[in-house]
Amino acid sequence: MLTVTLIPGDGIGPEVVEAAVRVVEATGVPVQWERFEAGTEVMNKYGTPLPDEVFNSVLRNRVALKGPITTPIGTGYSSPNVMLRKRLNLFANVRPAKNLPGVRTRYEDVDLVVIRENSEDLYSGLEHIVVPGVVESLKVITERASLRIARFAFDYAVKHGRKKVTAVHKANIMKLSDGLFLECCRRVARDYPQIEYEELIVDNTCMQLVTRPERFDVMVMENLYGDIISDLCAGLVGGLGLTPSANVGEDGIVVYEAVHGSAPDIAGRNLANPIALIFCAAMMLEDQGEQEAADRVRRGVYRVLSEGKVLTRDLGGTATTTEITDAIIAAMAQESASPA
């Protein structure tokens, strides 16, 4: 039996996590969930949004499914998401973006993956006040982390039958930091002659993404660029409510999480779209060797989206979180009953 650390988070987190749990259980794959609180209320109780017991569970189980956790803007405690990635050394963030049946967007044939370096860059949090009114924030890029994420991207491309890796950078301006990242990508690319390699400046990348997104396959980049571009890519295919992600560590630990926010304005109202976290659960099943179950989950979602009868408000419908989850589970059952 697979044991998974379950972190519902706060805001809409518990609602979308519960939906994903129901979908996983509908596959018949035996999963034992270790459920732990995290977020604002936990911060108020224990002085930290992520108690040690959460980290210990993830270290023990090696796999976690996580809902969104609120991060205060400008003040308050540090981002729990960044805390989790740093403490567990989750150095790679994997964000697929693919057109979905029934979801109308401005673009067709989008099928790309953003590989984001998770451990350094401006997200190192090294900033200080130089003098009143002047703040300095340090961008840290290392050879070790750059080589590691580049190799991860190329290995991902090989494993998933991808053809091209694009390194995204701003080395024309940040010649030392982004220059080092780019040089590391070039060194790794030489070990993968079967994979096409290209380099693209980050601002040009954004322009290309909103004009010809079909030209991209696997994209690898530093932390800040990855944070911004991965959301842009989600917008190409319908929004954050439809796109999953995985945070991967060197020692095989993986935390699957929805990347949308905790949406406190609709929390507890049964209105949230759970599809992003359901897709996270499908990624988890696939990575655990349960390919048939993962495919069934995805086909169930595709059927519901294609039919367009049961959709949440962000997708143009009126369905509740519970109703769309019920519809996906019913569609999975129909997929199982359909002749091959």
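This section reports on the structure supplied with the text. All values reported here derive from a predicted model rather than from experimental measurement.

Below, the discussion takes up the environment of R95. Mapped onto the secondary structure, R95 falls in strand 4 (residues 92-98). You can call R95 buried: its relative accessible area is 3%. Spatially, the C-alpha atom of R95 lies 13 Å from that of G241, the residues being 146 residues apart in sequence. In contact with R95, other than residues within four places in its own chain, are L112, V113, V114, S230, D231, A234, L240, P244, S245 and V259. In terms of polar contacts, R95 uses its side chain to reach the side chain of S230, at 2.9 Å.

A few words on unusual backbone geometry. Unlike most non-glycine residues, D121 shows phi in positive territory, near 70°. Here D121 shows up in the loop between strand 5 (111-117) and strand 6 (127-131). Phi is positive for N270, close to 60°, though the residue is something other than glycine. By the secondary structure assignment, N270 is in the loop between strand 12 (254-257) and helix 9 (275-287). Classification of N270 by relative accessible area gives partly exposed; the value is 26%.

Reading guide: rules and limits
- Residues numbered from 1 in each chain as written.
- Predicted model: local features only at pLDDT ≥ 70, side-chain atom pairs only at ≥ 80, totals over all residues.
- Heavy atoms only, no water.
- Helix = DSSP H or I, 4+ residues; strand = E, 2+ residues; numbered from the N terminus.
- Buried < 20%, exposed > 50% of the residue type's maximum accessible area, 1.4 Å probe, protein only.
- Contact = heavy atoms within 4.5 Å.
- Polar contact = N/O pair within 3.5 Å; in protein donor to acceptor, adjacent residues only side chain to side chain.

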